[in-house]
Amino acid sequence: MCGICGFTGETDGGEERQIRRMAELITHRGPDSCGFFGDAGIHMGFRRLAIIDLAAGNQPVYNEEKTLVLTFNGEIYNYRELREELLARGHFFSTNSDSEVLVHGYEEWGENLLLRLRGMFAFAIWDTRDGSLFLARDFFGIKPLYYMRCGDCLVYGSEIKCLLAFPGFRKELNQNALDSYLSFQYVVPPETLYRGIFCLPPAHWMRCRNGKIILRRYWEPRFCPDEKMTLEEAADRIEAAFQNSVEAHKISDVEVGCFLSSGVDSSWAASYFSGQKAFTVGFDAGSHYNEIWWAKKVAQEKQLCHTCRLIGSDEFFSVLPQILNYLDQPLADPACVALYFVSELASRQVKVVLSGEGADELFGGYRIYHMPASNSMYQKMVPAWLRRAVGEAARYFPDIRGRDFLVRASRPLEETFIGNASMFSLAEKRCLLRRPEETRDPSVLCRPYYRRAGELDAVTKMQYLDLHLWLVGDILLKADRMSMANSLELRVPFLDREVFQAASVIPEKWKVTENTTKYAMRVAAERHLPKNTAEKPKLGFPVPIRLWLKEEKYYGMVREEFSSEAAGRFFRQGELLRLLERHVRGREDLSRKIWTVYMFLLWYRVCFLKKY
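Per an unreviewed UniProt entry, the protein chain is named asparagine synthase (glutamine-hydrolyzing), and its organism is Candidatus Scatomonas pullistercoris. Under the UniProt heading Catalytic activity (unreviewed entry), the entry covering the protein chain gives this text: "L-aspartate + L-glutamine + ATP + H2O = L-asparagine + L-glutamate + AMP + diphosphate + H(+)". Database annotation for the protein chain, UniProt heading Sequence similarities (unreviewed entry): "Belongs to the asparagine synthetase family."

Go over the overall build of the protein chain with me, naming the residues and quoting the values.
The number of helices and strands found in the protein chain is 28 helices and 17 strands. For 612 residues, the compact-globule estimate of 2.2 N^0.38 gives 25 Å, and the protein chain sits close to it at 24 Å. Expressed along its principal axes, the backbone C-alpha trace of the protein chain runs to roughly 70 × 60 × 45 Å. Across the 612 residues that make up the protein chain, the buried fraction comes to 62%. Within the protein chain, contacts between residues at least 6 apart in sequence are counted, and of these 72% link residues at least 24 apart. Working note: accessible area of the protein chain is about 23,500 Å², and carbon and sulfur atoms make up 49% of it. Here the protein chain carries 81 positive and 79 negative side-chain charges, and the mean point of each set is 5 Å from the other.

Describe in detail the UniProt feature "site: Important for beta-aspartyl-AMP intermediate formation" (unreviewed entry) in the protein chain, supporting the description with residues and values.
In the numbering adopted here, UniProt assigns the feature "site: Important for beta-aspartyl-AMP intermediate formation" (unreviewed entry) to E357. If you trace the backbone, E357 turns up in the loop between strand 16 (352–354) and helix 12 (359–363). Judged by its relative accessible area of 13%, E357 falls in the buried class. A distance of 2.6 Å separates the side chain of E357 from the side chain of S355, its partner in a polar contact.

Break down empty space enclosed by the protein for me, citing the residues and quoting the values.
Inspection of every chain in the model, using the stated rule, returns 4 cavities of 30 Å³ or more. Looking at the largest cavity, its volume works out to about 200 Å³. Lining the largest cavity are 21 residues, and of these Y146, C199, V472, G473 and L477 sit closest to its centre. Its boundaries defined by the atoms lining it, the second largest cavity holds a volume of some 110 Å³. Contributing to the lining of the second largest cavity are 17 residues, with C2, R48, Q59, D98 and S99 lying nearest its centre.

Before we move on, can you summarise the layout of surface pockets with the specific residues and values?
Within this model, the second largest pocket holds a volume of roughly 300 Å³. Lining the second largest pocket are 17 residues; nearest its centre among them are E561, S564, L602, R605 and K611. Of all the elements in the fold, those that place two or more residues in the lining of the second largest pocket are helix 9 (313–318), helix 10 (320–327), helix 25 (552–562), helix 26 (565–570) and helix 28 (591–608).

Can you tell me about the state of the cysteines, naming the residues and giving the values?
By definition, a disulfide links the sulfur atoms of two cysteine residues through a covalent bond. On inspection of all chains with the given rule, the structure shows 0 disulfides. Lacking any disulfide linkage, C2 is separated from the closest cysteine sulfur, that of C34, by 12 Å. Residue classification places C2 among the buried residues on the basis of a relative accessible area of 5%.

Let's hear about the sheet that holds strand 15 (residues 305–311): which residues, and what values?
The strand order across the open sheet formed by 5 strands is 15-14-13-16-17, and the pairing between neighbours is parallel. Whereas interior strands pair on both sides, the edge strands pair on one side only; in this sheet they are strand 15 and strand 17 (489–491). Neighbour-to-neighbour, the strand axes of this sheet turn through a mean angle of 30°, independent of strand direction. Sitting on the sheet, helix 8 (residues 292–301) touches strand 14 (277–283) and strand 15, and the angle it makes with strand 15 is about 175°.

Give a detailed account of the nonpolar core, specifying residues and quantitative values.
Judged by nonpolar contacts, the single largest core of 201 residues is most densely connected at F123 and F316. Considering every element that reaches this core, the biggest residue donor is helix 28, with 13 residues. Residues in contact with F316, not counting those within four places in the same chain, are F283, I311, P334, V337, F341, V543, I545, W548 and W595. Of all hydrophobic cores here, the second largest spans 19 residues; its members include L135, Y147, M206 and C208.

Before we move on, can you summarise the pattern of salt bridges with the specific residues and values?
Following the criterion strictly, the structure yields 45 salt bridges and no others. Of the charged contacts in the structure, one is a salt bridge between D328 and K161, with a shortest N-O distance of 3.0 Å. With D328 in the loop between helix 10 and helix 11 (335–347) and K161 in helix 4 (residues 160–164), this pair connects stretches of sequence that are 167 residues apart. On the accessibility criterion, D328 (6% relative accessible area) is buried. K161 gets classed as buried once you look at its relative accessible area, which sits at 10%. In this structure, the salt-bridge partner of D333 is K478, at a minimum N-O distance of 2.8 Å. You can see D333 sitting in the loop between helix 10 and helix 11 and its partner K478 sitting in helix 20 (residues 470–484), a full 145 residues away along the chain. With respect to burial, D333 and K478 carry one shared label: buried. One salt-bridge network, held together by shared partners, links R29, K143, E159, K161, D328, D480 and R481.

Rules used throughout
Residues numbered from 1 in each chain as written. Predicted model: local features only at pLDDT ≥ 70, side-chain atom pairs only at ≥ 80, totals over all residues. Heavy atoms only, no water. UniProt positions renumbered as here; feature names shortened; annotations may be inferred. Helix = DSSP H or I, 4+ residues; strand = E, 2+ residues; numbered from the N terminus. Rg over C-alpha atoms; globule rule 2.2 N^0.38 Å. Buried < 20%, exposed > 50% of the residue type's maximum accessible area, 1.4 Å probe, protein only. Contact = heavy atoms within 4.5 Å. Areas by Shrake-Rupley, 256 points an atom, 1.4 Å probe, with all protein chains shown as cover. Lys, Arg positive; Asp, Glu negative; His and termini not counted. Charge placed at Lys NZ, Arg CZ, Asp CG, Glu CD. Polar contact = N/O pair within 3.5 Å; in protein donor to acceptor, adjacent residues only side chain to side chain. 1 Å grid on protein atoms, 1.4 Å probe; cavity = no way out; pocket = protein on both sides within 12 Å on 5 of 7 lines; lining within 4 Å. Points joined across faces, edges and corners; volume = space filled by probe spheres on them. Disulfide = S-S within 2.5 Å. Pairing = 2+ DSSP bridges. Axes fitted to C-alpha atoms, helices over the stretch in contact; angles between N-to-C directions. Core = buried A, V, L, I, M, F, W, Y, C linked by side-chain atoms within 4.5 Å. Salt bridge = Lys/Arg side-chain N within 4 Å of Asp/Glu carboxyl O.

Below is the structure:
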């Protein structure tokens, strides 16, 4: 796990100084060593977190003739097999690293190399023969890669902060990205909150030559449910694929540990770590927010060396500016703070951990995936015109049981489901923002994905959307940044092409039932876990924001931010303060909406204005 950065073209003559400055900004991604390459038309930087081939795995890496130059962030789990194939084809290797497989593989197969890889990656290859730069990102977007055009230069990096340091770049807020952030709780890729900076989408490559850019998608996660598949067959496929993936993800020249929550995803991964280290955090706000005791039970059952700690409210709030600096963009998912603390805890003992991200998107794990079944009877019985009228009226109801159902069931899935999180509606944004004319219906951003999902069943459509938006914009963003903030490599064995192949054929009936989610996956996991752990309902990573915002101290902090000059630039402050007061008085739980705005304003002050 590492960090990369670079730029094509020339600047003011201080190119070497500039690339070193960019790499220095991501030292946390790779504190073990650094490497650089500079030539006419290109400068490349690299920071290394040494995991494989500790002695000789430094970068940049070259082919035999040094006509190809590589910098790489990630891990290739099938590199040994690829290495043997390339040796048989006449290539010579100077290291035992997975990085060198990429440069020889690109030399042999070009962009077709990507479909041969198993792993997580973002890499850059400079071809000295034709002056072209090739950038690529892994299948699911586990590893980040950002880029921008600045004059005649193409600038790229593992984190946005590298690009912000490039001379001549003028920092401007992207108002469209703010609008999408308020709907989704994250900035919808490929946009960022900085105008002109984009993330390379997952499963895409880019080639830049003579100032011209080609962008191509090389793979797509396609679901093809097999309705004839039995539950036992589904569980067998999942078990075999996941066990194989875990073994591949444990390949390392340093010790590998695991995160352990109370849920089935991380618990199943941890079940393969007998005798090794596991890490858990919780909050000191009651049993609902602290399930360390449950994780301890799993650790004892699987004979894990378990380390845990409690997080206090003061500690949580005090670290927010630091976390936003690592994120580069606001993320209104409070679980990212918990992930920061558990990464910090693990990094004191290991350099690599496995975690459970991706299981919900692949196997149908979110509770909201019950929505199509719960809506169907109502939609069959009530005419569409009446459902819409009731749904519009329900938006103005107080926070009572059944309100959200009436809103969601009033329209087709494609108009109501924008992902696992949904913050402010179009009407709410227009009421809240100082420039309401720039707001967009969030469903517009989802339409291309629904079109590509075609005639799939409703649950699988929801999975497809979440794989492309929620997983990339929220889950994997926080996983990468919070682990890398602590110089820790986080691996996600569920997000493996072989595991996805097993998941892609599972029919809806073995994913979501009346009583559970991830049904077939839970059946497979139960072969390795206690029954009550395998069947435990999903909690996510509950954070007591709802409670803390009612405490005078934290209420005051948020109120101060809502009353600030910066808040007045973007929002109608009276509406912000009304949101806060309604929550504090207990009229309804508005904590997630309040947190979404608060994190944006704090980010704007800390990262955009650099005032903290």
